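Topology and contacts: notes
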Amino acid sequence: MSKFSKGKKKPSPAISTASLPDIVFMLLFFFMVVTKLRDSELMVKVTTPFATQLTKLEDKSLVNYLYIGRPVEKYKATYGTKPRLQLSDKFANVNEIPIFLERFRVKIPEAQRSKITTSLRVDGKVTMGIVQDVKTELRKANQLKINYSAKKKPE
Amino acid sequence: MAKKNSRDRMSNEINAGSMADIAFLLLIFFLVTTTIVEDKGITVKLPPWSEEDPDITKLKSRNVFAVLVNAQNDLLVRGESMDITMLREKTKEFIVNPTKREDLAERPTKAIITLKNDRGTNYETYVNVYNELKAAYDELWDEMCLRKYGVKYSEDLPLAWRKSIKDEIPMVLSEAEPTNFGEEK
């Protein structure tokens, strides 16, 4: 009895693919969890500045976003190059902020409304004028919890 | 030819071979539509809106740390121009006043930082300055927390610990209405 018998060839065992769905599902769930489906196309260019003292926004369903930046190439002809505010999927004026906030607020259960955070996604290259107007409007609308969106500064 | 009974319940199994394909399809859909947004930033609590300006003339000038950022993105701290790299250390020194100097804050609880900018100030500069001021407080809280409880300060600590630290070094940062210089036309 030899260990290395040359006689009968064993059929090479096929790799079992039975666990493949499990692996793929695992990946799928990972992506589903980390995904935030972008609900609005960005019409302004936003490159957030770098900072170090960052806090993470925990509950994404309690966050609404304001975008401030210069219009992207496509809209430059109609909207110029001055920094503009974008609310959900269109350019807006500062005085439309209260309505925007209210629309968001009614969707949230009353007990959680005090936890709503407004994330200001502002381009680093804009001037403070428009940011200040937005801040004033937020204060008037009593939306005081805000977050200046920023990226982690590379070491 | 014997007809195989297709209703044989013992050997009837759902073919799971296509499961992987379905999962792949979903996976690719999510891969394509995903934008992993970095939802991080500097959290700020704005003061409630009031029509009249807060009166800071009653404060002793030694307790006020005035930071101005102008439209050229230059920094003026207590009447002297300063580089942003120095701001954090100077702020910490002002708040704790370790050498008991006459011109720095009497106590950390009395220290007030005021930040004022022009409408023409770059947003990036503003965030950097705000970041440094916040960093000064964060570092002081860390140091105090290490001394008292042996751990660094974080939002996960018990409420009583956090409160005792914030009672001793409260973060008071007031932002004045900006001046109109340098606004883009």
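My aim in this report is to walk through the structure given alongside it, one point at a time. Every value quoted in this text rests on a predicted model; they were computed, and no experiment measured them.

1. A short note on helix H4 (residues 128–140) of chain A
Residues and elements named next belong to chain A. With 13 residues, H4 extends 18 Å from end C-alpha to end C-alpha; this agrees with the ideal 18 Å at 1.5 Å per step. Burial analysis of H4 places 11 of its 13 residues in the buried class, the great majority of the element. Within the span of H4, buried status applies to Met 128, Gly 129, Ile 130, Val 131, Gln 132, Val 134, Lys 135, Thr 136, Glu 137, Leu 138 and Arg 139. At the exit of H4 stands Asn 142, carrying a positive phi of roughly 60°.

2. Regarding the pairing of strand E4 (residues 63–71) of chain A
Residues and elements named next belong to chain A. Within E4, 8 of the 9 residues are buried, which leaves it mostly tucked inside the rest of the structure. Of the pairings in the sheet, the one linking strand E1 (residues 44–45) to E4 comprises 2 bridges and is antiparallel in character. Within E4, the position partnered with Val 44 by the bridge is Pro 71. Where E4 lies against strand E5 (residues 84–87), 4 bridges are found, and the strand directions are antiparallel. Bridge pairing in E5 links Ile 68 to Leu 85.

3. Some points on the sheet that holds strand E4 (residues 80–81) of chain B
Residue and element names in this part refer to chain B. Taken in spatial order, the 5 strands make up an open sheet running E4-E3-E2-E5-E6, and their pairing is mixed. Single-partner strands in this sheet number two, and they are E4 and strand E6 (173–175). Bridge count between strand E2 (residues 64–69) and strand E5 (residues 112–117): 6 bridges; the pairing is parallel. Note that in E5 the partner of Val 64 across the bridge is Ile 112.

4. Examining a positive patch on the surface
Taken together, the side chains of Lys56(A), Lys60(A), Lys152(A) and Lys40(B) make up a positively charged region of the molecular surface. Within the secondary structure, Lys40(B) is located in strand E1 (residues 40–45).

5. Description of the environment of Ile112(B)
Residues and elements named next belong to chain B. You can see Ile 112 is positioned in strand E5. Ile 112 sits in the buried class, given a relative accessible area of 17%. In this view, Ile 112 contacts Leu 59, Asn 63, Val 64, Phe 65, Phe 94 and Val 172; residues no more than four positions away in its chain are not counted.

6. Focus on the packing of helix H1 (residues 20–34) of chain A against helix H1 (residues 19–33) of chain B
Two elements in contact, H1(A) and H1(B), have axes separated by 9 Å at closest approach and are oriented at 20°. Relative to H1(B), the element H1(A) lies roughly parallel. Crossing geometry of H1(A) relative to H1(B) is assigned as left-handed. Facing Leu20(A), Pro21(A), Val24(A), Phe25(A), Leu27(A), Leu28(A), Phe31(A) and Met32(A) of H1(A), the residues of H1(B) in contact are Met19(B), Ala20(B), Ala23(B), Phe24(B), Leu26(B), Leu27(B), Phe30(B) and Leu31(B). Classifying every residue of the contact of H1(A) with H1(B) by side-chain character gives 16 nonpolar, no polar and no charged.

7. Looking at the pattern of salt bridges
Applying the stated criterion across every chain yields a total of 14 salt bridges over all chains. Salt-bridge contacts for Glu175(B) lead to Lys135(A); the nearest nitrogen and oxygen are separated by 2.9 Å. Of the two residues, Glu175(B) sits in strand E6 while Lys135(A) sits in helix H4, which places them in two different chains. Judged by its relative accessible area of 25%, Glu175(B) is partly exposed. A salt bridge links Lys92(B) to Glu143(B); its shortest N-O distance comes to 3.1 Å. Of this pair, Lys92(B) sits in helix H2 (residues 84–96) while Glu143(B) is found in helix H3 (residues 123–149), placing the two residues 51 residues apart along the sequence. Each of Arg88(B), Lys92(B), Glu132(B), Glu139(B) and Glu143(B) takes part in salt bridges that share partners, so that together they form one network.

8. Side note on the environment of Thr43(B)
Counting through the fold element by element, Thr43(B) comes out in strand E1. Note: C-alpha distance between Thr43(B) and Lys134(B) (91 residues apart in sequence) is 9.9 Å. Among residues more than four places away in sequence, those in contact with Thr43(B) are Thr55(A), Ile146(A), Asn147(A) and Lys134(B). Separated by 2.9 Å, the side chains of Thr43(B) and Asn147(A) make a polar contact.

9. Details of the interface of chain B and chain A
Opposite the 48 residues of chain B that make contact, chain A presents 56 residues. In total, chain B and chain A occlude about 5,000 Å² of area from one another, counting both sides; carbon and sulfur atoms represent 59% of this. The interface formed by chain B and chain A includes 3 salt bridges. Where chain B touches chain A, the interface holds 23 residue pairs in polar contact (both at pLDDT 80 or more). When residues of the side of chain B that touches chain A are traced back to their parent elements, those giving at least two are H1, E1 and H3 of chain B. Looking at the side of chain B that touches chain A residue by residue, the class counts come to 21 nonpolar, 12 polar and 15 charged. One ladder, built from 5 bridges, connects strand E8 (residues 145–149) of chain A with E1(B); its direction is antiparallel. Following the sheet pairing, Tyr148(A) is matched in E1(B) by Ile42(B).

Rules used throughout
- Residues numbered from 1 in each chain as written.
- Chains lettered and ligands numbered in written order.
- Predicted model: local features only at pLDDT ≥ 70, side-chain atom pairs only at ≥ 80, totals over all residues.
- Heavy atoms only, no water.
- Helix = DSSP H or I, 4+ residues; strand = E, 2+ residues; numbered from the N terminus.
- Expected span 1.5 Å × (residues − 1).
- Buried < 20%, exposed > 50% of the residue type's maximum accessible area, 1.4 Å probe, protein only.
- Pairing = 2+ DSSP bridges.
- Patch = residues over 30% accessible without salt bridge, like charges linked within 9 Å, V, L, I, M, F, W, Y side chains within 5 Å.
- Areas by Shrake-Rupley, 256 points an atom, 1.4 Å probe, with all protein chains shown as cover.
- Salt bridge = Lys/Arg side-chain N within 4 Å of Asp/Glu carboxyl O.
- Lys, Arg positive; Asp, Glu negative; His and termini not counted.
- Charge placed at Lys NZ, Arg CZ, Asp CG, Glu CD.
- Contact = heavy atoms within 4.5 Å.
- Axes fitted to C-alpha atoms, helices over the stretch in contact; angles between N-to-C directions.
- Parallel < 35°, antiparallel > 145°, perpendicular 65-115°, else oblique.
- Left-handed = near helix turned anticlockwise from the far one by under 90°.
- Nonpolar A, V, L, I, M, F, W, Y, C, P; charged D, E, K, R; others polar.
- Polar contact = N/O pair within 3.5 Å; in protein donor to acceptor, adjacent residues only side chain to side chain.
- Buried area = accessible area lost by both parts, 1.4 Å probe.

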